[in-house]
Amino acid sequence: MPTQRNPLCCFQVIRCRAAVAWAVGKPLSVEEVEVAPPKAGEVRIKIVATGICRTDDHVLEGCFPNVDFPVIPGHEGAGIVESVGEGVTTVKPGDKVIPIPLPHCGECSFCLNPESNYCLKSHFSESQNLLPDKTSRFTCKGKQIHHFLWVSTFAEYTVIPEYAVAKIDAAAPLDKVCLLGCGFSTGYGAAINTAKVKPGSTCAVFGLGGVGLSVVMGCKAAGASRIIAVDINKDKFAKAKELGATDCINPRDFKKPIQEVLTEMTGHGVDYSFEVIGRADTMTAALASCNMSTGVCVMVGVAASGSVISIDPVLLLCGRTWKGTLLGGWKMTDSMPKLVSSYLEKKFNSDLLITHTLPIAKVNEGFELLRAGKSIRSVLLF
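Residues numbered from 1 in each chain as written. Predicted model: local features only at pLDDT ≥ 70, side-chain atom pairs only at ≥ 80, totals over all residues. Heavy atoms only, no water.

Novice: In this structure, what is going on with the overall build of the protein chain? I would like to understand it.
Specialist: A count of helical and extended segments in the protein chain gives 10 helices and 17 strands. Against the 2.2 N^0.38 benchmark of 21 Å for 382 residues, the protein chain shows a C-alpha radius of gyration of 21 Å, consistent with a compact globule. If you line up the protein chain on its principal axes, its C-alpha atoms span 70 × 40 × 35 Å. Residue burial in the protein chain is summarised as follows: out of 382 residues, 55% are buried. (Helix = DSSP H or I, 4+ residues; strand = E, 2+ residues; numbered from the N terminus. Rg over C-alpha atoms; globule rule 2.2 N^0.38 Å. Buried < 20%, exposed > 50% of the residue type's maximum accessible area, 1.4 Å probe, protein only.)

Spelled out as structure tokens, the structure:
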């Protein structure tokens, strides 16, 4: 538990719990860590709840690019501001917030482009293993612990740059809206923002984890007339149909490639396809399953570092569009408060994705449920 602190002085080191990944392939270890105070432009947050995302599992497997160990994973969290560093103006102690795993510095060419939600300070161009000043705020057993995407929500307290934090409505239940920090927003936005699914269209969604099911929800909200859910785990079909899928198919039930099955089911292929698994072969199958002229395929899943895709150029020659998405195309610092408001107004029900709620001490059990295909989203509570 956190040590008692003088309420007149927040700028002290906090000792608290965190799930630390000491090395690739090893279970997480719940440790007491020291969290330094925020420096200028930084915010220290008490994390209340955090979801377990497949991306965190990729970190533990060593498949996610640009991650240094030991590290505190987690990037789908919600919490309360504990203290702020000099110059911070957008949040104050006591505010409810959601950390943003894709920053929005507001200054780079991408942030200034209204059609982009990317930021040059993201991990694809600038490592986020340490904070912008190239130091860590985490220490455990005398060793420096790395940050993950600057957010590290598997820590009870974490320090994040101000431009990677979004203030949300004080009425928001943090154990529910934490999913908006990554999984739900990514899938829902992939359909609404990136693909721009049209009413009456046909869609195929490859992968029915938390993000894939959020794509299903987005396609339904956009008015798609047919949503075909594709997964090798039939146990997920009932939930997919509950959320809007009209058809559910298992590739293992067919002797022909799944793209041929989808083409036969729809005549010329679907209007929109979404790959939400992160495998090169399913990415190619998703592309081939959308119609050859106006079909749009959106890559949502994160492939293992170093993966390479080989395709027949004819798949694109006739007009298919193949595109990727990060966090569903939302400019998160601006969009997150609006998404939370939509949640509170019951415009969508992301709660349906939560299948398990566990204490942080059972973090490894949460990952076992994920790997066994027995959970959609597990939420960890501190």
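Novice: Help me understand the UniProt feature "domain: Enoyl reductase (ER)" (unreviewed entry) in the protein chain in this model?
Specialist: Sites flagged by UniProt as "domain: Enoyl reductase (ER)" (unreviewed entry) map to residues 25–380. This span, residues 25–380, is 25% helix and 22% strand, and a straight line between its end C-alpha atoms measures 21 Å. (UniProt positions renumbered as here; feature names shortened; annotations may be inferred.)

Novice: Could you clarify how one ought to interpret the side chain of T194 in this entry?
Specialist: With respect to the helices and strands, T194 occurs in helix α3 (residues 183–195). Looking at T194, the relative accessible area reads 10%, which means it is buried. A polar contact of 2.8 Å, which involves the side chain of T194, links it to the side chain of T325. Those residues within four positions of T194 in sequence are excluded, and the remaining contacts are G189, V298, K323, G324, T325, G328 and G329. (Polar contact = N/O pair within 3.5 Å; in protein donor to acceptor, adjacent residues only side chain to side chain. Contact = heavy atoms within 4.5 Å.)

Novice: Honestly, the pairing of strand β5 (residues 96–99) in this entry has me stumped. Any pointers?
Specialist: Regular strands show a simple pattern: their side chains alternate between the two faces of the sheet. Where strand β4 (residues 77–84) and β5 come together, 2 bridges link them in antiparallel fashion. In the sheet register, G79 faces β5, and the bridge partner there is V97. Across 3 bridges, the pairing between β5 and strand β9 (residues 165–167) is antiparallel. Bridge pairing in β9 links P99 to V165. (Pairing = 2+ DSSP bridges.)

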